[in-house]
Amino acid sequence: MTTAIRNLTFTYPNQEHPVLADLSATFPDGSFNLLTGPSGGGKSTLLKLIAGLLPLPTGSQITLAGQALQELPATQRASQVAMLFQEPSTQFTMDTVLDELRFALENQQIPAAEMPAKIAAALDFVGITSLKNRHLTHLSGGEQQKVALAVIVAMDSKVILLDEPFASIDPAARLDLLQNLVQLSQAHSKTIILADHDLSFYERWIDHLSVLEAGHLTTLSPEATQQRLAIFSAPQRQLTHVTLPDRQLPVILQGQDLGLRQGTRQLINPQDLSLFAHQITLITGPNGSGKSTLLRALVRLTDYQGTLTYDGINIQKRRRKAYARQVALMFQSASAQFLNVTVAEEIALSHKYGRQTYFTPERVDQLLAQLNLTQQRDQIIYTLSGGQQKKVQLLCMLMMAPQVLLLDEPLKGLDYDSIQTVLSILKTVQHDLQLTLIMISHQLSGLDGFVTLHLQLADCQLRYQEADQ
Amino acid sequence: MKNWHLRDIILVTILAIFMGVIFWALNPVYTLLAAALAPLGLQPLANEILLGVWVMAGPLAGFIIRIPGAATLGEFLGAVVEMFLGGIWGASTLISGAIQGLGAEIGFAATGYKRFGWGTLALSTLTTTIVTFAWDLLRSGYATYHLNFLLLLFVVRLLSVFFFGGVLTKLIANLLIRAHVLPTTNR
Amino acid sequence: MNPTIKLSLVILIAFEISFTQVWTVNLALLIVSLLLMIYAHVSLKRLLWLTAVPLFFASALVWSLKLQGSTTPHFLGVIFTRIFVYVYLGGWFSQTTQPLALARSLEQNAKLPAKFAYGFLAAFNLMPKIQAEVATIKAAALMRGQVLHIWSPQLYFKVILAAMNWSDQLAAAMTSHGFVEGAPRTYATTIPLRHRDWWLLGLSLLLVQLGLFCGLP
Ligand SMILES: Nc1ncnc2c1ncn2[C@@H]1O[C@H](COP(=O)(O)OP(=O)(O)OP(=O)(O)O)[C@@H](O)[C@H]1O
Ligand SMILES: Nc1ncnc2c1ncn2[C@@H]1O[C@H](COP(=O)(O)OP(=O)(O)OP(=O)(O)O)[C@@H](O)[C@H]1O
Ligand SMILES: [Mg+2]
Ligand SMILES: [Mg+2]
C-alpha cells in the first residue's frame, strides 16, 4: 500500500507549456518525503493535484494509500488526504480553535458525542491543549500552523501534504512542528509530502529528498541529499560577522520610551531604541513577538507608546507623503506593493518616482537579467510564481531608493540561488547609495557577512547581539 | 447558468466587507459634510453625494461574480457588515441593502447576466437610483420635500451612482480584465 | 432567543415601521430595545455611541425636512423616532448575537445550505485582516509615490485581487478540512428552536400590530 503517481501531465488552462510532464513517483506508507526545486517548478501544483484541489487530467493516475483518487467519493477524501498551507491565517473557517476542530469533525459526520475525545487527543498530540479556547486571529503564525496540524490529526488523514508550511515560522516552532510530523509518520504510519525551499533542520528526519524541476521529479541519492542539506546546516545559520553598535555610528531613527501593544498584550516594553544609518540591520525574534508590528509603527501604520524621531524630527510631525518616500516598507505580501498590471508598467512607475540617475534603463535591464526576469518583462504580475513576484517587488522598492528601506521577510519563498542574487544586489545598491536597510528574517542561511547589526526581540525587549562563536 | 459555489460565496462576502470598510473610512467625511450642510437644512445632500460609494458593492459583485443574485447578495452582505460595525441606519440598512442590491440586479438581470458593457452598467445605474430613491421617499420622508429640492436630490444621487457605480466600476473592470482575472466577454 | 427568529423579528419590525406613521409605537419600540440592550449588559460607551449618532442625523434630517419640505410636526416626530428604532433594534441584534450562533441557526433551523452559512462565516472571521489590508494598500502605494483616493480605480483593483486570493485560499482550506458542498454533516452543538421562540415572535408582532392599527397617534 503506497501513494503513487503515474504519468501525470498537467497544463494550466490557457497556458502553452505543461507544468508537470509525464511525472511518476512512489511514496511508501509512513515515509517522510521532502520536495524542493526552483520557484515556479510546480511543487504547489503537484500537491494541489494530490489533494484533489485541482481536477486530475485524463490519462493521469494518483493512488492514495492504495485507493485511486478518482474513485474516492468527495466526502471521504479528507480522511485520506489533508493539506496544510503556506499562509497560516487564511486556512480557518471558524473563530476559535475548538470550533475549527468541531467543524472538521462535523464535515466527517462524526457524532457529537465522540468529538470531545478526538479533539482532546489531537490537541494533546500537537501540545496545544492550552490554546483550545483561543481566538484563531489572536494566534501567531506558528501557533496557527500547529492548530492546522491538530485538525489534520483529528481528521486522521492517511496522507499529509504540506506546502512550505514553515515559510513564516521561527526556528523553535519549526523544530517543534517537524518533530510532530516525524512522530506522525513513524508512530501512526502517515505518509508525509512536504515542499520547502529552506532545507534547514531536515537532515536528521527525512527519508527522501526529491527535486521538482522542468516538470520532472528526481529523487536524490543519499550522498546528493546530504550535499544539498549541508548548505543549510547549523554552521551556515550562524552570524559571525555582526558587531555591537559603536557609539560613533550615526543614528537615523530614534525611539524614546518606545513601546508596542496589541490589544491588551504588551509586545515591546517601553525602551529607548536607536537604529543606525547606512547599516544593514537584521531583526529576529519568535513568531508573534511584534517584529512586523515594529516596522509598521516605523512607517506610521500602527500606534505606539513613546516617541519616534527620524533625523531628529518626530515622525508624527512629518508630512505623510514626504515621509513615505524617506522611510519605506517592503511588505510581506508582494502583491500589496503593485499598482499596475505588467512587470514593465511597474518598473516604469518606479522609474518615474524613483532614483533615476542611478537606476538608468541599462542598469535596470542588467538587474532584470540577474534576477532571471528578462523573459517576464511583459508578463502580467499576477500570473508570476510567488518567488518571481517577490523579486519584482524588491526591484521596484530598490528603485524608489528611500533613505531607509524596511524589509519584512524579503527572502520568504525564494529558492537558494535567488537568495544569493537578491542579497548581492541589495548589498551593491546599499553600498552605492548609502542606504539604511532594516530587515526581518527567520531564515538565516546566507546572511552571515551580509548583515552588520543584529537586533533580537525576546521577552518584550529589543537588544543588539554580539557575533556567534 | 452558473451556480453558487463555495469560493463565490466567500468572495462576495469578502468583497462586501472590503466595501463596508472603505465606506466606513469615509464616515468622518460624511459627518463633516452633513454637519456643514445641516444648518441650511441640506443634510440629505451629504447622503446623496456619497451614496454612489455605498451602492458600488452591487455592480462590482455583479461584474466580478456573474451569477444571478450576486449584486443583491453583495450589497445585502455589505449592509450586514455595516450593521455589525454600528452604522447610523441600524436595522434598516438590512432592508436598504437588499433594496439597493435589487436595484443593481435589475440592470444585470435585464441583460441575462451575459453582457457586461456600458449598456448594462448605465441601465444598472439608473435602476439603482430609481429603486433606492423610491425607498427613501418612504423611509426618510423624502415624499414631503418640495418638488425642486426633491429633483436636486435625485439628480445628485444619479450623478453619484453613475460616477461610482458606472464610470469607476467600468475602469476597475478594465484593470481586472487586463490582469486576466476577469473574462474578456465585455461587449 | 433563537438567532434566526430574532433576525426575522428585527427585519419585520424595521420593515413595517418604514411604512407606518405611529410615533407612539416607535417610542415604545425604542424604549423596549433600549431596555433589552441594558438587560444584555451592553456597555455604556456603546449605548452612548448608539444614541449620539442617530441623535445628530435624525435632528439634521428633521431640520432639513422642516426647511425644505411641507410637513406636519406629527410626521417629523415619526421620522425622528423611526431612526432611533432602527439603530436600537440593530444595536440590540448585533450586540446580543454571535455570528457563529447565527450561522449555525441559519443552517439548522432555516435550512440555509451549509455552503452559504459557513462561506459567510469564514469570510466574516477574516474581518480584522480585511480592515488592516485597506490601510496597507494605501500605505504601500504611497511608498511607490502614488496617492490612492476613494475614486482611484487602483484602490479597488488591489482590494478585489486580495479578495480573490483569499477566497481561493479559504475555499481550498475548507475543502481540505473535509467540507463538501451539499454533503450531510453532523452538528457539534444544536441550536434549539423552542415553542417559546415562536410564541415570543408571534406575541411581539401581534403587539406591534395592535399598536399600529388601534388608532394611536
Ligand atoms: N492558476 C494558474 N494559472 C496559470 N499558471 C499558473 C497558475 N498557477 C501557477 N501557474 C504557473 O505554474 C508554474 C508552477 O507554479 P507553482 O506555484 O506550482 O510553482 P512552485 O514550485 O510551487 O513555486 P514556488 O516555489 O514559487 O512556490 C509557474 O510557472 C506558475 O507561473
Ligand atoms: N490586527 C491585529 N489584531 C489583533 N492582534 C494582532 C493583529 N495583528 C497582529 N496581532 C497580534 O500581535 C502580535 C504581534 O504580531 P506581529 O505580526 O508583529 O508578529 P511578528 O513578530 O511579525 O511575527 P511573525 O514572525 O509570525 O511574522 C501577534 O500575537 C499577533 O497575533
Ligand atoms: Mg509554491
Ligand atoms: Mg511578521
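Here the structure is a predicted model, which is why all the values come from computation and not from measurement.

This part is about the interface of chain C and chain A. Taken together, the contact between chain C and chain A spans 46 residues of the former and 57 residues of the latter. For the pair chain C and chain A, the summed buried surface comes to about 4300 Å²; carbon and sulfur atoms form 62% of the total. Interface area lost by chain C to chain A is led by Met143(C), Arg144(C) and His177(C), which between them contribute 23%. In this assembly, chain C and chain A are joined by 4 salt bridges. We note a salt bridge from Arg185(C) to Glu106(A), for which the minimum N-O separation is 2.8 Å. Scanning the region where chain C abuts chain A turns up 20 residue pairs in polar contact (both at pLDDT 80 or more). Secondary structure elements with two or more residues in the side of chain C that touches chain A: helix H5 (99-108), helix H6 (114-124), helix H7 (127-142) and helix H8 (153-176) of chain C.

With that settled, consider the nonpolar core. In terms of nonpolar packing, the biggest core is built from 230 residues, with Ile14(B), Ile64(B) and Tyr156(C) touching the most fellow members. The dominant element in this core, judged by the number of residues it contributes, is helix H1 (residues 6-25) of chain B, at 14 residues. Counting 52 residues, the second largest nonpolar core, distinct from the first, contains Leu101(A), Val126(A), Leu194(A) and Phe201(A).

Looking now at the site of ligand 2. Residue and element names in this part refer to chain A. Around ligand 2 sit 16 residues, and of these Arg265, Asn287, Ser292, Thr293 and His442 come closest. In the environment of ligand 2, an oxygen atom lies 2.7 Å from a nitrogen or oxygen atom belonging to the side chain of Asn287. Gly288 places a polar main-chain atom, nitrogen or oxygen, 2.8 Å from an oxygen atom of ligand 2. Contact with the protein chains covers 74% of the free accessible surface of ligand 2, which is 640 Å². At the level of secondary structure, the elements contributing two or more residues to the shell around ligand 2 comprise strand S12 (265-276) and helix H8 (291-298).

Another point: the packing of aromatic side chains. Using the criterion set out here, one finds 25 aromatic pairs over all chains in the structure. For the ring pair Phe63(B) and Phe108(B), a centre distance of 6.4 Å and an interplane angle of 85° mean the geometry is edge-to-face. Of this pair, Phe63(B) sits in helix H4 (residues 57-65) while Phe108(B) sits in helix H6 (residues 92-110); the two residues are 45 residues apart in sequence, bridging distant segments of the chain. Judged by relative accessible area, which is 0%, Phe108(B) ranks as buried. Between Phe80(C) and Phe84(C) the ring centres are 5.5 Å apart and the planes differ by 45°, which places this aromatic pair in the tilted class.

Taking the numbering used here, the UniProt-annotated feature "transmembrane region" (unreviewed entry) corresponds to residues 9-37, 49-69, 116-138 and 150-177 of chain B. Taken end to end, residues 9-37 of chain B is 97% helix and 0% strand, and its first and last C-alpha atoms sit 39 Å apart.

All names here are of chain A. With respect to the helices and strands, Ser418 occurs in helix H13 (residues 416-433). A distance of 3.4 Å separates polar atoms of two side chains, one belonging to Ser418 and the other to Lys391. Separated by 2.8 Å, the side chains of Ser418 and Asp415 make a polar contact.

Residues and elements named next belong to chain A. For helix H4 (residues 115-126), which comprises 12 residues, the first-to-last C-alpha distance of 17 Å matches the rise-based estimate of 16 Å (1.5 Å per residue) to within 8%. Within H4, burial applies to Met115, Ile119, Ala122, Leu123, Phe125 and Val126. Down the axis of H4, the buried set is contained in an arc of 160°. They therefore lie on one face. Across from the buried face of H4, at angles greater than 90 degrees, the exposed residues are Pro116, Ala117 and Asp124. Tucked inside the fold, the buried residues of H4 contact helix H3 (97-107), helix H5 (141-155) and helix H6 (171-187). Downstream of H4 by a residue or two, Gly127 has a phi angle that is positive, lying close to 80°.

Turning our eyes to something else, we now look at the interface of chain C and chain B. In this assembly, 67 residues from chain C lie in contact with 64 residues from chain B. Summing the contributions of chain C and of chain B, the shared interface buries around 6000 Å²; its carbon and sulfur component is 80%. It is Phe57(C), Gln68(C) and Tyr156(C) in chain C that bury the most area against chain B; as a group they hold 11% of the surface buried on that side. In this assembly, chain C and chain B are joined by 1 salt bridge. For Arg7(B), the salt bridge goes to Asp168(C), with nearest N and O atoms at 2.3 Å. Linking chain C with chain B are 14 residue pairs in polar contact (both at pLDDT 80 or more). If you tally residues by element for the side of chain C that touches chain B, the top one is H8(C), at 17 residues. Across the side of chain C that touches chain B, the residue classes break down as 47 nonpolar, 14 polar and 6 charged.

A word on the site of ligand 1. Residue and element names in this part refer to chain A. In the vicinity of ligand 1, 17 residues are found, and the nearest of them are Gly40, Gly42, Ser44, Thr45 and His197. Separating an oxygen atom of ligand 1 from a side-chain N or O atom of Ser44 is a distance of 2.7 Å. Interatomic distance of 3.4 Å between a side-chain N/O atom of Glu164 and an oxygen atom of ligand 1. Across the complex, the protein chains shield 73% of the 640 Å² of accessible surface that ligand 1 would expose by itself. For the shell around ligand 1, the secondary-structure elements that each account for two or more residues are helix H1 (43-51) and helix H12 (386-400). Residues of the shell around ligand 1, tallied by class, amount to 3 nonpolar, 12 polar and 2 charged. Built from parts of two domains, the shell around ligand 1 gets at least three residues from each of domain 1 (2-232) and domain 2 (238-465).

About the cut-offs
Residues numbered from 1 in each chain as written. Chains lettered and ligands numbered in written order. Predicted model: local features only at pLDDT ≥ 70, side-chain atom pairs only at ≥ 80, totals over all residues. Heavy atoms only, no water. Contact = heavy atoms within 4.5 Å. Buried area = accessible area lost by both parts, 1.4 Å probe. Salt bridge = Lys/Arg side-chain N within 4 Å of Asp/Glu carboxyl O. Polar contact = N/O pair within 3.5 Å; in protein donor to acceptor, adjacent residues only side chain to side chain. Helix = DSSP H or I, 4+ residues; strand = E, 2+ residues; numbered from the N terminus. Core = buried A, V, L, I, M, F, W, Y, C linked by side-chain atoms within 4.5 Å. Buried < 20%, exposed > 50% of the residue type's maximum accessible area, 1.4 Å probe, protein only. Near = heavy atom within 4 Å. Areas by Shrake-Rupley, 256 points an atom, 1.4 Å probe, with all protein chains shown as cover. Phe/Tyr/Trp six-rings, centres within 6.5 Å; stacked < 30°, edge-to-face > 60°. UniProt positions renumbered as here; feature names shortened; annotations may be inferred. Expected span 1.5 Å × (residues − 1). Arc of directions from axis to C-beta. Nonpolar A, V, L, I, M, F, W, Y, C, P; charged D, E, K, R; others polar. Domains from an automatic or database assignment.

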